[in-house]
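Structural characterization, general
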Amino acid sequence: MITQFIETLPEGKSHPDFTRKPIALTIQEGKFAFFKAIVTGDPKPTVAWSRNNGDVSDTSKYQSKYDANSNEHTFEMPNVTAAQADTYKCFATNEFGQATVTVVLNVIEVGYKKNKAQQNATEPINGGFKKILRKSKVRRKSEQTEKKDGELDPKLWELLLSADKKDYERICAEYGVTDFRWMLKKLNEMKKEREEEQAEFVKNISNLRPIRVHADGTASFEIDMDLIEQSSSIYLYKDGEMIPYTKELGDTMKHSLRKVGRKYIFTMRDLRPEDGGFYQLDVENVNIFSTDFKIPMVDFLVKIQEVKAMEREDAVFECVLSIPLAKISWSGKNLPLEQGDKYDIEVSEDKLIHRLVVKDCMVVDKGIYSATAGIKSCSAWLVVEADKDADQGKKSIRKTTKAGGSGIDLQKVAQEQQEKLAIQKEEMKEQIKAAEEAAPPPETPKPRSHKPADMAPAPSAGEAVNSDPVITCGLSDIYCLRGKSAELKVIMNMDCDGTWFKNGEPISAGAGISIIKDSTSHMLTFKNCQDDDSGLYLFVSGDQSTQGKVIVGDIPEFDPDDLHKFCKPLTVSVGQNATFKMPFAPQETLIVKWSRNGIEVKDGGGVKVVKEPNHSRLLFRDCLRADTGEIKIQLKNPFGTAEATSQLFVLDRPGPPEGPVETLDTTSSLIVIKWKPPKDDGGCPVTNYVIERQQAGHSLWTKLGHVPGDKTSFRDRNVTHGKKYSYRIYAENSEGLGDSLETADSIMAGVMILSGPPGAPQVVSASKTCITLTWTPPEDDRGVPVIGYQIEKRRKDTNQWISLNAVNEPIEDVNYAVKDVTEGAEYEFRVLAINESGAGDPSPPSAIVCAKNPNMRPYFKDPEDFIVVRAGNSVRVTLLYEAEPPPEITWFKDDEALPPWIKIINSEGMSQLVIPSSKRSDSAIYTITAKNSVGQASFDVEVRVTDEPKSPGPVELEQTVHGKVVITWAPSPDQELDDRLYYTVAQRDSNTRVWKTVADRLFTNTHTVSNILPGLEYHFRIFAKNDMGLSEPSQSPTWGMNSNRVPITHNGINKTHISFERPPSILVPLKLHSPPKGYQVYMTCAVRGFPTPTVSWFLNNQCINSDSNYYITNSFGVCCMYILRVRPKDSGEYKVVAINSFGKAECSTKLIVRE
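Only a predicted model underlies this, so the values are computations on that prediction, with no experimental measurement involved.

Attention shifts here to the nonpolar core. Among the nonpolar cores identified, the biggest contains 31 residues, and L281, V283, I288 and F293 are the most heavily contacted of them. For this core, the leading source of residues is strand 11 (residues 219-227), giving five residues. Setting aside residues no more than four positions away along its own chain, V283 makes contact with F201, V202, M225, L227, S232, S233, I234 and I288. W330, V358, A373 and C378 belong to the second-largest nonpolar core, a separate cluster that totals 26 residues.

What follows is the structure, encoded as structure tokens:
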């Protein structure tokens, strides 16, 4: 809020104002809280701070500071407490005014519920201590205890409670949970308990969206939530520790929580690696939502670059990451992008190279595209240029080329990065190995358990350590190639005996199997694996056991005939389908992968991948030239990999020849041109070139002939001296004719020959908007035909000639209407003949002609013949006319002279009748007459001044037929004065209590209502209605079951009649205005009084109601005055005066127009 102490500020001085306001703050108790503000003003204002409920003079709690370099005023509160939560105000004051801003400080109390619980420990608590402790089991890192073997991380349950069912498997895999049946049973129990806790504070929760990173460098998560109490406290935690946040989008805090409708959005800005963690949102003491924010340490080695593509061409963005990632986020024009018909998202096998292909680019695809990996992102523009060669109104042909890319060898960059990562991995392994060798001998590990800690039995307190044999390295499942050797190995912590079992039966050394014991190592060796060796093997030593499966199989193989057939190259034309099929032996664990040019091909867009148990097919629909390349199928199972390779060749029409077209020679009878072969020959050699020619000024292209494919020049001998020609060259191969290369400029045959001068132009007619000319062709065209003319004009007393049309837009006729003229100005014109060589010599100038209208009889343009105005408002009847010479304007009211209070405002081409404050007696037919020396014209306008009608008279009800009631009412007093007045009937019964209209547009004083039911009370209202609106209703007596009840007498109680009559008063006064010169001004105030007062506007005590420079309205007591462009003479004192029969009220202000 700004308060100005004086009406007019001295030049160069200003009152205080805030250029940066303090931002509301929510902060944890004990933290450092501060507000910042920047103020301006001349002279320099002083700044003070205060709070609504307390004092800020204690310097140990409140400190005010000022930084002269940044002009910032800071109000600091170290170690903020809950008692300091309040509404604070900042005041900026100088001698001309004061600016005030209000800001709220919210303090989150820490430990309050815990302390309160301790104080009330002796009191009974409904529900036990479970309600006063924070529901989440995730604690801050300093409070976390070391997990026992097999114990589950509490984060697992919090994530599962907030996740979709489709994410359960992924989350369980991250935390090592394999018993899904047990997990789902326990999760359902926890969900039921959590929902009961949430129901105490929240009505509904939906649309839980995990945290994600955006292209602008922020991260956010969202939740839709309806709170039972809007004042409930909301807390945010990271790794179990409360974090402060602001509820506004300011730049003072890292975290913010915004509410949009029922959606809550938590946002982090300025992301850093340490921002990763486990985030939770609580309402009061109940956990609502949990999400894990994992930030991979990744960066872009190669960022995406700007792409310029032609319409209907594919655009490619590609980047290289520093570490392998299976997926990154792509966005276009701030919207996330997914694999589909419009976009292809590709990832290389090493997961370092990521590509986004925008297919079939259109102009609407233009915008900024972004790639986001972890908290890193990069952006680039996609610029799509319209295809100028496409036929107008028709869709251009899909192009086979791709635009964009990084411009460097990404495979090389990715290979170098792979080598670096491999070196780092080996170094890390060596460091771990060295650390293990240097570390003391480990304690004997406990037996492995396949159940979580809360399901496994706890060891007894007296259990001996290192007294029994323990398996330190157990068995695992292995896959063995048929005919090869394999080994199962178990390592114990001490030298002891053990027994081997296969499928529950003990086994011993025999044919093909050997059992070896070497100190603490026990080995079972297969010399030549066969199908009989597959099974479940168990090793038992004492009460210790371990087991693993042995699976014997073969590497996938292709049938030689099928492989030979597949490896044959496939050649198709653009637009055709290409299909590759490879049969193979059915296997359960077989993985089939197709790739093109080393990049995996996925199902989507124009690609279809079909995988059956005994074969797989790859289909390319509507092949493009870019689909050409190496096609590879890979079969993979646990035993190994098999690959087969083929080639796909897509043939297309050749691209346009390379330009520009060079002109080798030009004479009066010969033009020689040259070009370069196309970059893309479409996959097959160019057989010949087709040449077309177009003469300047013509639209027809003529085919000149063919040129063999090994020749790139053409000699055109059929040319005319002085004419200009354009050429198009097409390359042709076996697939057809490609796009054309066109000459940039026309080529002239020989030297330039210009035409002679035409005859001097003659003036046919002249008006204030148009001058029509005519001329004769040149007598000497110098042997070159004239194709048109150019006209130039020059104003009298000037030397500059101005062209009215360009040389390439000739006027083909020998007459022309010049419309670019100024009324009253005098001009002369000249004409130049245009041939193939250009514009020739100018003609002699025409006679000087003035742009003015000829004499014209008056006539009115688009007049309105009926106007309705509310009584008390101003009336403005505006009529436009045309006449030459200007006519004499006369107005009449009902064929009589106008009363003195009606004003007439005449200007060029317009006449306006103004009634400042209309009355019903002003209703009449107003006639305007325009007369000049040529003739006269008249027009009638009916003006109807009316007001909201008065209520109809008393209402009577009568029932003549059962179920029908006849309503009769006395007419409204305005019925005789207004022939457009009619009546509306509304009805309400005792069941619905809702008024509904049962009759409308009644021009009589009676109406019959049907469907009147016994046992109900009915009430009726009668309204009078005209062009201004509805009257107050006339109420009918009650009709129905209570209509005969005995009236209640009011003993000793006198009825009081209320009168609404009052003198005028100003509800909202006028305000001070100081606009610059030429700006618009809008003044307004509010007036009330009954009867409705008459309002007049004054400037320096002169009434301006009838002044056409001011637009004045009065709508239900809101009085407005509008000035379109303010002038210095509009400065002064403006006053509004409201008068009725009970008194007068006025208010005033000043308008100062600044230069």
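That shown, we press on.
This paragraph deals with a negative patch on the surface. A surface patch of negative charge is lined by D894, D895, E896 and D940. Locating E896 in the fold gives a position in the loop between strand 64 (888-893) and strand 65 (903-907). With a relative accessible area of 54%, E896 lands in the exposed category.

So, about the pattern of salt bridges. Under the defined criterion, the tally for this structure stands at 34 salt bridges. In this structure, the salt-bridge partner of R312 is D360, at a minimum N-O distance of 2.8 Å. In this pair, R312 sits in the loop between strand 19 (307-310) and strand 20 (314-321) while D360 sits in the loop between strand 24 (353-358) and strand 25 (367-373), placing the two residues 48 residues apart along the sequence. The buried category is assigned to D360, whose relative accessible area is 17%. For the salt bridge of D344 with K359, the shortest nitrogen-to-oxygen distance reads 3.5 Å. Taken as a pair, D344 in strand 23 (residues 343-347) and K359 in the loop between strand 24 and strand 25 lie far apart in primary sequence, 15 residues in all. Of the residues examined, K359 reaches a relative accessible area of 11% and is grouped as buried. A single salt-bridge network, built from bridges that share partners, covers E222, D224, D226, R262 and K263.

Reading across from one edge, 29-36-35-31-32 is the order of the five strands in this open sheet, with mixed pairing throughout. Sheet topology places strand 29 (478-481) and strand 32 (505-506) at the edges, where each strand pairs with a single neighbour. Judged from the two bridges that link them, strand 31 (residues 499-502) and strand 32 form a sheet pairing that is antiparallel. Bridging from a neighbouring strand, K502 pairs with E505 of strand 32.

Moving on, we get to the UniProt feature "domain: Fibronectin type-III" (unreviewed entry) in the chain. In the numbering adopted here, UniProt assigns the feature "domain: Fibronectin type-III" (unreviewed entry) to residues 656-752, 757-854 and 951-1044. Its end C-alpha atoms 32 Å apart, residues 656-752 is made of 0% helix and 55% strand.

Here the focus is the packing of aromatic side chains. Tallied over the full model, the rule gives 25 aromatic pairs. Centroid distance Y279 to F293: 6.5 Å. Interplanar angle 55°. Geometry classified as tilted. Taken together, the positions of Y279 in strand 16 (residues 277-283) and F293 in strand 17 (residues 286-293) put the pair 14 residues apart, joining distant regions of the chain. Judged by its relative accessible area of 6%, F293 is buried.

Our focus in this paragraph is a positive patch on the surface. Taken together, the side chains of K565, K568, K581 and R617 present a region of like positive charge at the surface. Following the sequence through the fold, K565 ends up in helix 6 (residues 560-566). Residue K565 is classed as exposed on the basis of its relative accessible area of 64%.

Here we take up the pairing of strand 70 (residues 964-969). Bridge count for strand 69 (residues 955-961) against strand 70 is five bridges, and the pairing is antiparallel. Looking across to strand 70, one finds that V955 is bridged to W969. Hairpin connection from strand 69 to strand 70: two residues lie between these consecutive antiparallel strands, with G963 at a positive phi of about 90°. With four bridges joining them, strand 70 and strand 73 (residues 1006-1009) adopt antiparallel strand pairing. If you follow V965 over to strand 73, its bridge partner there is V1009.

Mean pLDDT over the chain stands at 84; residues scoring 70 or higher make up 91%. Counting interchain partners and residues more than four positions distant, the pLDDT-below-50 stretch residues 111-135 has 23 contacts. The low-confidence segment residues 442-466, where pLDDT is below 50, has 19 contacts with residues more than four positions distant or belonging to other chains.

On the surface, I1058, F1060 and F1090 cluster together into a nonpolar patch covering about 390 Å² of accessible area. Residue placement: F1090 occurs in strand 78 (residues 1081-1090). On the accessibility criterion, F1090 (45% relative accessible area) is partly exposed.

With mixed pairing, four strands are arranged side by side in an open sheet as 62-68-67-64. The open sheet has two free edges, formed respectively by strand 62 (866-870) and strand 64, since each of these has just one partner strand. In this sheet, neighbouring strand axes are inclined to one another by 25° on average, regardless of whether the strands run parallel or antiparallel. As defined by bridge partners, strand 62 adjoins strand 68 (residues 936-946) across five bridges and the pair is classed as parallel. By the bridge assignment for strand 68, F866 is matched with E942.

On to the packing of helix 2 (residues 154-162) against helix 3 (residues 168-175), then. Relative to each other, helix 2 and helix 3 sit at 175°, their axes nearing to 10 Å. Overall, the two elements helix 2 and helix 3 adopt an arrangement that is roughly antiparallel. Residue-level contacts link K155, L156, L159 and L160 of helix 2 to Y168, I171 and Y175 of helix 3. Residues belonging to the contact of helix 2 with helix 3 are distributed by class as follows: six nonpolar, no polar and one charged.

Cut-offs applied
Counting starts from 1 at the beginning of each chain's written sequence and moves along it residue by residue. Under the rules for a predicted model, residues below a pLDDT of 70 receive no local features and side-chain atom pairs below 80 are neither given nor counted, while totals for whole chains, interfaces and linings still include all residues. Only heavy atoms go into the side-chain values, all of them from the structure, while hydrogens and water stay out. In this description, a nonpolar core means a group of buried Ala, Val, Leu, Ile, Met, Phe, Trp, Tyr and Cys residues linked to one another through side-chain atoms lying within 4.5 Å. Note on exposure labels: buried denotes an accessible area under 20% of the residue type's maximum, exposed denotes more than 50%, and partly exposed covers the range between, all computed with a 1.4 Å probe on protein chains only. Going along the chain from the N terminus, every DSSP run of H or I of four or more residues is numbered as a helix, and every run of E of two or more is numbered as a strand. Note on definitions: a residue-residue contact is assigned when non-hydrogen atoms from the two residues lie within 4.5 Å. Patch membership requires more than 30% relative accessible area and the absence of a salt bridge. Residues of like charge join within 9 Å; the nonpolar side chains Val, Leu, Ile, Met, Phe, Trp and Tyr join within 5 Å. Computed with the Shrake-Rupley method and a 1.4 Å probe, the accessible areas treat only the protein chains shown as cover for residues. Basic side-chain nitrogens of Lys or Arg form a salt bridge, by our definition, when they fall within 4 Å of a carboxyl oxygen of Asp or Glu. A positive count includes Lys and Arg, and a negative count includes Asp and Glu. His and the chain ends are not counted in either. Where a charge lies is defined by one atom per residue type: Lys uses NZ, Arg uses CZ, Asp uses CG and Glu uses CD. Any two strands with at least two DSSP-identified bridges between them are counted as paired. UniProt positions are given in the numbering used here, feature names are shortened, and annotations may be inferred rather than shown by experiment. The criterion for an aromatic pair is that two Phe, Tyr or Trp rings (for Trp, the six-membered ring) have centres within 6.5 Å, with stacked assigned to planes under 30 degrees apart, edge-to-face to planes over 60 apart and tilted to the rest. Summary of the metric used: pLDDT quantifies the predictor's per-residue confidence within the range 0 to 100. Axes here mean lines fitted to C-alpha atoms, for a helix over just the part in contact, with angles spanning 0 to 180 degrees between N-to-C directions. For classification purposes, angles smaller than 35 degrees are called roughly parallel, those larger than 145 roughly antiparallel, those between 65 and 115 roughly perpendicular, and all remaining angles oblique. When residues are grouped by polarity, Ala, Val, Leu, Ile, Met, Phe, Trp, Tyr, Cys and Pro land in nonpolar, Asp, Glu, Lys and Arg in charged, and all others, Gly among them, in polar.

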